[in-house]
Each structure stands twice: as structure tokens, then as C-alpha cells.
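So you can see what is in the structure, the chains are spelled out below.
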Amino acid sequence: MRTRFGFVAFAMILSAAAPTDGHHSASAEFDATKRIKITGALTKLDWVNPHTIFYIDVASDGGKVANWSWELPSPNQLMRAGWTRTSMKIGDIVTVEGIHARDGSNHGMAMTVTLVSTGRQLFAGKAEEP
């Protein structure tokens, strides 16, 4: 009995100390009333869970370049929709329509991603319902 109690206590300590990564609600991070559409060159693509993130350099009218990050659904969801890791390549010019982060940073949730060179729409949907 003492051994069983010791094991249970040890398991409880381990589980309490383990870091947890809670998933966020899209409406907590993004403002559905702040729709934006920007075009830029793909600089990085992180094909990771829980959301695929990609980055584009966007030039302003004054010539200043800002790097934007965009969330997409998980890699699994994208693959089921026909995406591959090479659907977008570094340097591709894409137009992204989505919703802006509530904090006003250069971050958004992509609703549509279109390759400018071909007009092919790679993604149309939501990473999560806002």
C-alpha cells in the first residue's frame, strides 16, 4: 500500500510540474472586424502544430519593409486540403487576406492566400472560428 501511495504521489508531482500549452481562442487574439489584405514576399514557413505560421516581407508606400506573420490551420488540416510543404516557396509573392491581431502587431490569421504569379488560391478558410 505504501509503494502504491508513493507512486501516485510521484506521478502527481510530475504532472503538476509539467508545462502545459493551452490552445487559445482566435477571438481572443484576433479582431474579426479588422480585416486586412496585404501582398508580400514569403520569407519563412514554419510547418508546425498547432498552427502553420508563415512570414512575408511587406513594403509600404514609403519603401519601408515590415515582416508580417500569419497563422494557418495545422499542417494536418492543410495536407487534407491539398497543401504540401512546397505549396509556397521562399521568395514567392503572395496576397493574404485575413484578420489583424488585436494588439496591432504585424500578425494575423489568414483567411485566403493567393500566389500572385499564377493567381492560384492556396488556402481559403479559417485557422479557427473567431
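For the structure itself, consult the block above.
Residues numbered from 1 in each chain as written. Predicted model: local features only at pLDDT ≥ 70, side-chain atom pairs only at ≥ 80, totals over all residues. Heavy atoms only, no water.

Participant: When you look at the packing of aromatic side chains in this model, what are you seeing that I'm missing?
Facilitator: Pairs of aromatic rings are described using the distance from one ring centre to the other and the angle between the two planes. Under the criterion given, the structure shown has 2 aromatic pairs. Here the aromatic rings of W68 and W70 are separated by 5.7 Å at their centres, their planes lie at 15 degrees, and the arrangement is stacked. Here the two residues W68 and W70 agree in accessibility, since each one is buried. (Phe/Tyr/Trp six-rings, centres within 6.5 Å; stacked < 30°, edge-to-face > 60°. Buried < 20%, exposed > 50% of the residue type's maximum accessible area, 1.4 Å probe, protein only.)

Participant: How should I be thinking about unusual backbone geometry in this particular structure?
Facilitator: Glycine aside, a negative phi is what most residues show, and trans is what most peptide bonds show. The amide bond that connects N49 to the next residue, P50, takes the cis arrangement and shows omega of 0 degrees. Structurally, P50 can be placed in the loop between β1 (30-46) and β2 (53-59). (Helix = DSSP H or I, 4+ residues; strand = E, 2+ residues; numbered from the N terminus.)

Participant: Just to check I follow, could you spell out the pairing of strand β4 (residues 93-101) for this structure?
Facilitator: A regular strand places its side chains so that they alternate between the two faces of the sheet. With 7 of its 9 residues buried, β4 lies for the most part within the structure. Summarising the sheet, β1 and β4 pair through 8 bridges and their orientation is antiparallel. The residue of β4 that forms the bridge with G40 is V94. Between the end of β4 and the start of strand β5 (residues 107-115), which pair antiparallel, lie 5 residues, with G104 showing a positive phi angle near 80 degrees. (Pairing = 2+ DSSP bridges.)

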